[in-house]
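Listed below are the residues making up each chain.
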Amino acid sequence: MNITSSPSEFAPTDVVEDALSEADFNKLAALVQGMTGISLPPSKKTLVQARLAKRLRILRMHSFSAYCKLVSGTDAAALDERPNLISAITTNVTRFYREPHHFEDLKTRVLPPLIERARAGGRVRIWSAGCSTGQEPYCIAMTILEMMPDALRHDIKILATDLDHVVLSTAEKGKYGINLMEGVTDAQKNSFFEVSGNGEDRMYTVRPEPRKLISFKQLNLTGPWPMKGRFDFIFCRNVVIYFEHELEINIFDGFAEKLMPGGYLFVGHSERINTLEVPLFETAGVTTYRKV
Ligand SMILES: C[S@@+](CC[C@H](N)C(=O)[O-])C[C@H]1O[C@@H](n2cnc3c(N)ncnc32)[C@H](O)[C@@H]1O
């Protein structure tokens, strides 16, 4: 915005004039569910309205009904806007070493045999599905490098995917403000991050070593999964919680197919797999499952 312009020049377009109607909410909810699997019950209407209000302001649109018409279309403008709708709706909360017991499990049980395999010339493949702004795959990479400083000389790769293009671009940049560094020890900061700026403006940028272990890709979990090989372990934490049960089961079945025998699946703190519904998994710890 040009700071010499009078605020009144912008005021009218900055105001969203209507509330999100129930009919428009239902249309948007169906569209979002079809595109992402994310289920938006009526109780989420206020949240959706608040999140979309920001988007409307950016587009300088006055009304939710106009926005709803825009994204419901089939023309180029609708297709262009839909990724932004998805980005506005997805919940991207994450942090370094979230649910730390999973990283303890990696150190003590999951990674030692995989590192041995990699040292013997074998391949190790890992998937962080729904990686948001990247903290999860970077923590996996840092855990590997702490155990195997020469990991880059071996065939170890982490695939990190998310549906939302905005969080993926943050993940790829790997640059985090000091307020996001809670959970990262000083030793880890020194080994794996470059520091810039001072005081509250200090920024931490992931160094090349952890970064080189990871490929970031956009992938919708409800669409086809083009990866050919199988994974040794998959993190999919706090993602399927937003899906309906049937879709959740389909995704877990898909993970079981994509895992090596004996491979692990780590899910979020409030997610559980009923192993009667997904018999290819057995319970292997707190929110941890193993492919039978
Ligand atoms: C709450 S974050 C979880 C981040 C990380 N896994 C963690 O636990 O800290 C959920 C992520 O899932 C992504 N997501 C939601 N629906 C998705 C879908 N259908 N396919 C792929 N990613 C999806 C969102 O964009 C969001 O970044």
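A. Highlighting the pattern of salt bridges. The tally for this structure, following the rule as stated, stands at 12 salt bridges. One salt bridge in this structure joins Arg-98 and Glu-99, with 3.9 Å as the shortest N-O distance. Owing to a relative accessible area of 12%, Arg-98 belongs among the buried residues under this scheme. On the basis of relative accessibility, which here comes to 10%, the residue Glu-99 falls in the buried class.

B. Seen up close, the pairing of strand 8 (residues 259–267). Strand direction decides the pairing type here: strand 7 (residues 231–236) and strand 8, joined by five bridges, are parallel. Bridged to Ile-234 within strand 8 is Leu-265. For the segment spanning strand 7, helix 11 (residues 245–258) and strand 8, crossover handedness is right-handed. Here strand 8 runs beside strand 10 (residues 288–291); their pairing, made up of three bridges, is antiparallel. The partner of Leu-265 across the bridge, within strand 10, is Tyr-289.

C. Region of the structure containing the confidence of the model for the chain. Per-residue confidence for the chain gives a mean pLDDT of 94; residues scoring 70 or more make up 94%. Scored below 50 in pLDDT, residues 1–13 shows eight contacts in the model against residues more than four places distant or in partner chains.

D. Molecular detail of the packing of aromatic side chains. This structure, assessed with the given rule, holds 15 aromatic pairs. Residues Phe-96 and Tyr-176 carry aromatic rings whose centres are separated by 5.0 Å and whose planes lie at 80° to one another, so their mutual orientation is edge-to-face. In this pair, Phe-96 is assigned in the loop between helix 5 (76–89) and helix 6 (100–119) and Tyr-176 in strand 3 (residues 175–177), connecting sequence segments 80 residues apart. The class of Tyr-176 is buried, set by a relative accessible area of 1%. Taken together, the ring pairs connect Phe-96, Tyr-138, Tyr-176, Phe-193, Tyr-204 and Phe-216 into an aromatic cluster.

E. Looking closely at the site of the ligand. Around the ligand lies a shell of 22 residues, among which Thr-36, Thr-94, Arg-98, Asp-162 and Asn-238 are the nearest. Between Arg-237 and the ligand, the recorded distance is 2.9 Å, taken from a backbone N or O atom to a nitrogen atom. Calculation on the ligand without its partners gives an accessible area of 610 Å², and the protein chains cover 99% of this total. More than half of the atoms of the ligand fall within 2 Å of the grid points belonging to the largest pocket. Residues of the shell around the ligand, tallied by class, amount to seven nonpolar, 10 polar and five charged.

Criteria and thresholds
Residues numbered from 1 in each chain as written. Predicted model: local features only at pLDDT ≥ 70, side-chain atom pairs only at ≥ 80, totals over all residues. Heavy atoms only, no water. Salt bridge = Lys/Arg side-chain N within 4 Å of Asp/Glu carboxyl O. Buried < 20%, exposed > 50% of the residue type's maximum accessible area, 1.4 Å probe, protein only. Pairing = 2+ DSSP bridges. Helix = DSSP H or I, 4+ residues; strand = E, 2+ residues; numbered from the N terminus. Right-handed = clockwise from strand over helix to strand, strands pointing away. pLDDT = per-residue confidence, 0-100. Contact = heavy atoms within 4.5 Å. Phe/Tyr/Trp six-rings, centres within 6.5 Å; stacked < 30°, edge-to-face > 60°. Near = heavy atom within 4 Å. Polar contact = N/O pair within 3.5 Å; in protein donor to acceptor, adjacent residues only side chain to side chain. Areas by Shrake-Rupley, 256 points an atom, 1.4 Å probe, with all protein chains shown as cover. 1 Å grid on protein atoms, 1.4 Å probe; cavity = no way out; pocket = protein on both sides within 12 Å on 5 of 7 lines; lining within 4 Å. Sits in = over half its atoms within 2 Å of the grid points. Nonpolar A, V, L, I, M, F, W, Y, C, P; charged D, E, K, R; others polar.

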